[in-house]
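Observations on the three-dimensional arrangement
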Amino acid sequence: MKLTRWMFTIAALALVLPAAAQQPIVIKFSHVVAVDTPKGKAAEYFKKLAEERTKGRVKVELFPNSSLFKDGEEMEALQLGSVQMLAPSLAKFGPLGAREFEVFDLPYIFDDYSELHKVTEGPVGAALFKKLESKGIVGLAYWDNGFKVMSANKAIRMPADYKGLKMRIQSSKVLGDEMKALGAIPQVMAFSEVYQALQTGVVDGTENTPSNMFTQKHHEVQKYTTVTDHGYIGYAVIVNKKFWDGLPPDIRTALESAMKDATKIANDAAAKDNADALEGIKKSGKSEVITLTPAQKAAWKKALAGVAKENEGRVGKDTIEAVYKATGNKP
Ligand code: LMR
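Summary of the structure given here. (Residues numbered from 1 in each chain as written. Predicted model: local features only at pLDDT ≥ 70, side-chain atom pairs only at ≥ 80, totals over all residues. Heavy atoms only, no water.)

Describing the overall build of the protein
Helix and strand counts for the protein stand at 14 helices and 11 strands. A burial count over the protein gives 51% of its 331 residues as buried. Pairs at least 24 apart in sequence give 76% of the contacts found in the protein among residues at least 6 apart. A total accessible area of about 15000 Å² is found for the protein, and carbon and sulfur atoms account for 57% of it. (Helix = DSSP H or I, 4+ residues; strand = E, 2+ residues; numbered from the N terminus. Buried < 20%, exposed > 50% of the residue type's maximum accessible area, 1.4 Å probe, protein only. Contact = heavy atoms within 4.5 Å. Areas by Shrake-Rupley, 256 points an atom, 1.4 Å probe, with all protein chains shown as cover.)

In structure tokens form, the structure reads like this:
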């Protein structure tokens, strides 16, 4: 009798155990932009490499275009463990309490990608990631996007042209102060809602990278796009710390190597994708692309010069100075 029960138990376990052992570790990776962007492409490449290098022990489920969570929801979802991986723009860490990340939003803080990389690939970038750990988050990599343009239904050439315009921004106080310095009225809004808000006139304009604007068709509902290059948008790829620390070490190593290679994909794609997107906007004939003269650009820099000082208390004077020191550029 006893023997029969044992045999039954063993037979049942034999059926269940291999199935359980084969259950892959699922990484839900949510982001808000289109697949055909630097972030979208890098996320796809990460999925491919992560699944290959763990020989299927990890399955990455991608949710682009705010299809699972949108801005304002995704950070909480990560902390609660409803998703395991995100790549929010660096402008979206303020609501989490990591206000130092808004240093990346300061006007003209980087002249080019090489200055940016001195921060993201150096000790300042690492120190910023350390600050996330107390929030239950681990920073794995910085992914590039690019330099911002401004769009509106009127031709913007000088800061004064912005007076009274309602401008959509990401959830960053620094960006709010930037718009106020231009005389505009900032409005925080989730990325997924911007197209409709521009179309219906809920806001008059926005700022973003050409690749984000073109893939979301913002240019179809904005008559003018001004190449200001006044600020930067890029990402931190982040994971839930409890999830990450609980992974088998060999899996973590494989995922780190996949992330390293995916980072190269994002960073190699960024400059070209944005140049191509700006060309696409021009060719569409739907939004006139305005290039600033050196004198106009100088007026922008002057109008925005006070934003860094104004935000020393929020972002941290030390962080701002550390970025200036790393880049050798104090705008
Ligand atoms: C935005 O909200 O405009 C951007 O952060 C979107 C993104 O992820 O690039």
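Details of the sheet that holds strand E11 (residues 288–291)
Read from one edge of the open sheet, 6 strands run E7-E6-E8-E5-E9-E11, paired in mixed fashion. On the outer flanks of this sheet lie strand E7 (185–188) and E11, each paired with one strand and no other. Pairs of neighbouring strands in the sheet enclose a mean axial angle of 25°, with direction left out of account. Bridge count between strand E9 (residues 224–227) and E11: 4 bridges; the pairing is parallel. Following the sheet pairing, Thr226 is matched in E11 by Ile290. Running at roughly 160° to strand E6 (residues 166–169), helix H6 (residues 173–181) makes contact with strand E5 (149–152), E6, E7 and strand E8 (205–208) of the sheet. (Pairing = 2+ DSSP bridges. Axes fitted to C-alpha atoms, helices over the stretch in contact; angles between N-to-C directions.)

Some points on the packing of aromatic side chains
Across all of its chains, the model carries 10 aromatic pairs by this definition. Their ring planes at 20° and their centres at 4.6 Å tell us that Phe93 and Phe101 sit as a pair that is stacked. Considered together, Phe93 and Phe101 belong to a single accessibility category, that of buried residues. In this structure an aromatic cluster arises from ring pairing among Phe104, Phe110, Tyr113, Phe129, Tyr142, Phe147 and Tyr232. One residue, Lys301, lies across the ring of Tyr108, its end atom 5.1 Å from the ring centre. (Phe/Tyr/Trp six-rings, centres within 6.5 Å; stacked < 30°, edge-to-face > 60°. Lys NZ or Arg CZ within 6 Å of the ring centre and 35° of its normal.)

Looking at the site of the ligand
Contacts to the ligand come from Val32, Val33, Lys39, Asp71, Ser89, Lys92, Arg168, Gln170, Phe191, Asn208, Asn212 and Tyr235. At 2.8 Å, a side-chain N or O of Arg168 approaches an oxygen atom of the ligand. (Near = heavy atom within 4 Å. Polar contact = N/O pair within 3.5 Å; in protein donor to acceptor, adjacent residues only side chain to side chain.)

Details of the packing of helix H4 (residues 113–120) against helix H14 (residues 317–327)
At a closest axis distance of 8 Å, the pairing of H4 and H14 adopts a crossing angle of 125°. Between H4 and H14, the interaxial angle falls into the category oblique. Regarding H4 and H14, the two cross each other, and that crossing is right-handed. The segment H4 lies against H14, with Glu115, Lys118 and Val119 engaging Val323, Ala326 and Thr327. Partitioning the contact of H4 with H14 into residue classes produces 3 nonpolar, 1 polar and 2 charged. (Parallel < 35°, antiparallel > 145°, perpendicular 65-115°, else oblique. Left-handed = near helix turned anticlockwise from the far one by under 90°. Nonpolar A, V, L, I, M, F, W, Y, C, P; charged D, E, K, R; others polar.)

Some remarks on the pattern of salt bridges
Once the charged atoms of two side chains with opposite charge are near each other, the side chains can pair. Tallied over the entire structure, the rule returns 20 salt bridges. A salt bridge links Glu133 to Lys130, with the nearest nitrogen and oxygen atoms 3.7 Å apart. Between Asp245 and Lys241 there is a salt bridge, with its nearest N and O atoms 2.7 Å apart. You can see Asp245 and its partner Lys241 sitting in helix H9 (residues 241–245), 4 residues apart, about one turn around the helix. In this structure Asp245 comes out as partly exposed when scored by relative accessible area, which is 43%. (Salt bridge = Lys/Arg side-chain N within 4 Å of Asp/Glu carboxyl O.)

Examining the side chain of Glu74
Summarising the element assignment, Glu74 is placed in helix H3 (residues 74–80). Salt bridges are absent for the buried Glu74, whose nearest opposite-charge side chain, Lys92, sits at 5.8 Å. With near-sequence residues (within four places) excluded, Glu74 lies in contact with Ser30, His31, Val32, Phe69, Val83, Leu86 and Pro88. (Lys, Arg positive; Asp, Glu negative; His and termini not counted.)

Here we look at the packing of helix H2 (residues 38–53) against helix H10 (residues 249–284)
Relative orientation of the contacting elements H2 and H10 amounts to 155°, with a least axis distance of 8 Å. When the axis of H2 is compared with that of H10, the two are roughly antiparallel. As for the relative orientation of H2 and H10, their crossing is right-handed in sense. Residue-level inspection shows Pro38, Lys41, Ala42, Tyr45, Phe46, Leu49, Ala50 and Arg53 of H2 in contact with H10, the latter providing Ala254, Leu255, Ser257, Ala258, Met259, Asp261, Ala262, Ile265, Ala266, Ala269, Ala270 and Asp273.

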